2 protein chains.
Amino acid sequence: MSNEEPTTRTRRSGRRPGISGSRAAILAAASRQFARRGYNRASLRAIAADAGVDQKLIAYFFGSKQQLFIAAVGLPLNPAEVLPEILAGDSATLCERLEALLVEVLSRPALHERLTGVIRAAASEPEVARMMREFLSKEVFVPVARTLGNEDAAFRLNLIGTQIVGLMMARYVIEIEPLASLPPERVAAAVAPTLQRYLVGQL
Amino acid sequence: MSNEEPTTRTRRSGRRPGISGSRAAILAAASRQFARRGYNRASLRAIAADAGVDQKLIAYFFGSKQQLFIAAVGLPLNPAEVLPEILAGDSATLCERLEALLVEVLSRPALHERLTGVIRAAASEPEVARMMREFLSKEVFVPVARTLGNEDAAFRLNLIGTQIVGLMMARYVIEIEPLASLPPERVAAAVAPTLQRYLVGQL
């Protein structure tokens, strides 16, 4: 990537928005386009046009369509990066890595609040559900399943998704007790073996 | 319970609504009162007054506040009845009973559509989340935990809740594949051991 700061094209309004304005305009346009067309059909070209910026600026700020989606939706972690990292380590300590990830998500409001927000939006807005479905399928389930290798790998990753979504809903949206008040470590220790079984155990 | 059909009191509108009209009026009033005051603070007296019927009619149609809630919210199963039934049987076949219950829920649209509807509503409306939380705590987690007996029983029932909620969200709301298209038997077989571990396994 070039170190030169890219210049923005003249916007439809005729104003040059400046760097931070361009970034915000790209995010807003990406949110609109992903919601309207879904993940697969939203193009970087259309997003750039909607934002009134050069398409190269998207690559400059966000790298890829996948990363732009993560930023626009507000997903706090990119499962397409996190899962392969966790799977790459020693299989004897897989459960510990899953537990550590859960503790991190449950401990940091910046992580679980945004994740819960996305899940909530998917529950009430069909277009958010659709773009999440398309994103997860294209960028997570299919490629990570290839890494896992087993025949039912995509199903296994789906099952991981069910447990994460349900945990966020129960703890942060419905706030059932005692789950909502228990320390992250306690919750993570109870749930991590489920994730491990879904990933590599007998189904 | 008496076999005589109860008569309805004159409603505020001055019309006698008749039996089916009274039942519908009670359900509508219950929905309003539970949403406004939560499960604990909504009283049968206030619901009867709101519906313009004699309070005895609520007992006649629904039995208890718990059953009225189930009917008003549209929950297709009463977890306060289902869970004790499943726990009462032979512990060696607990996983099979959990699997059979899951197959039933996933096979019958009348069950999973209504369940999904309630979860969706809880995700987007804080007052639905609150009444579900109060109902589950008062009528399910606390009494069923007493039956289970172990110290962390309420937490275990919470964990069951996370997996059920997440499964409904992933299969019917976000519709991730292949989970959304797999036969109920396949999904139930993969998820039932999780429910078993949460109920009676090592956490």
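Anything mentioned here points back to the structure above.
What comes next is a walk through the structure. (Residues numbered from 1 in each chain as written. Chains lettered and ligands numbered in written order. Predicted model: local features only at pLDDT ≥ 70, side-chain atom pairs only at ≥ 80, totals over all residues. Heavy atoms only, no water.)

## A word on the interface of chain B and chain A
Facing the 40 residues of chain B at the interface are 40 residues of chain A. Roughly 3300 Å² of surface becomes buried between chain B and chain A when both sides are summed, with 67% attributable to carbon and sulfur atoms. Run the count over chain B and chain A and you get two salt bridges. A salt bridge links arginine 133 of chain A to glutamate 175 of chain B; its shortest N-O distance comes to 4.0 Å. Seen at the junction of chain B and chain A, the total is 18 residue pairs in polar contact (both at pLDDT 80 or more). Per-element tally for the side of chain B that touches chain A: the top contributor is helix α9 (residues 153-173) of chain B, with 12 residues. (Contact = heavy atoms within 4.5 Å. Buried area = accessible area lost by both parts, 1.4 Å probe. Salt bridge = Lys/Arg side-chain N within 4 Å of Asp/Glu carboxyl O. Polar contact = N/O pair within 3.5 Å; in protein donor to acceptor, adjacent residues only side chain to side chain. Helix = DSSP H or I, 4+ residues; strand = E, 2+ residues; numbered from the N terminus.)

## Examining the pattern of salt bridges
Side chains carrying opposite charge are able to pair once their charged atoms draw close together. Evaluation of the coordinates by the stated rule reveals 10 salt bridges over all chains. Residue glutamate 134 of chain A pairs with arginine 130 of chain A through a salt bridge whose shortest N-O separation is 3.3 Å. Of this pair, glutamate 134 of chain A and arginine 130 of chain A both sit in helix α8 (residues 126-148), four residues apart, which is roughly one turn of that helix. Since its relative accessible area comes to 25%, arginine 130 of chain A is described here as partly exposed. Aspartate 152 of chain B is paired through a salt bridge with arginine 156 of chain B; the nearest N and O atoms lie 3.0 Å apart. The exposure classification of aspartate 152 of chain B matches that of arginine 156 of chain B, with both residues buried. (Buried < 20%, exposed > 50% of the residue type's maximum accessible area, 1.4 Å probe, protein only.)

## Comments concerning the side chain of arginine 197 of chain A
Position of arginine 197 of chain A among the secondary structure elements: in helix α10 (residues 184-200). With no salt bridge to any partner, buried arginine 197 of chain A finds its closest opposite charge in glutamate 99 of chain B, at an N-O distance of 9.3 Å. When residues no more than four places from it in sequence are discounted, the contact partners of arginine 197 of chain A are Arg156, Gln202 and Leu203 of chain A together with Ala190, Val191, Pro193 and Thr194 of chain B. (Lys, Arg positive; Asp, Glu negative; His and termini not counted.)

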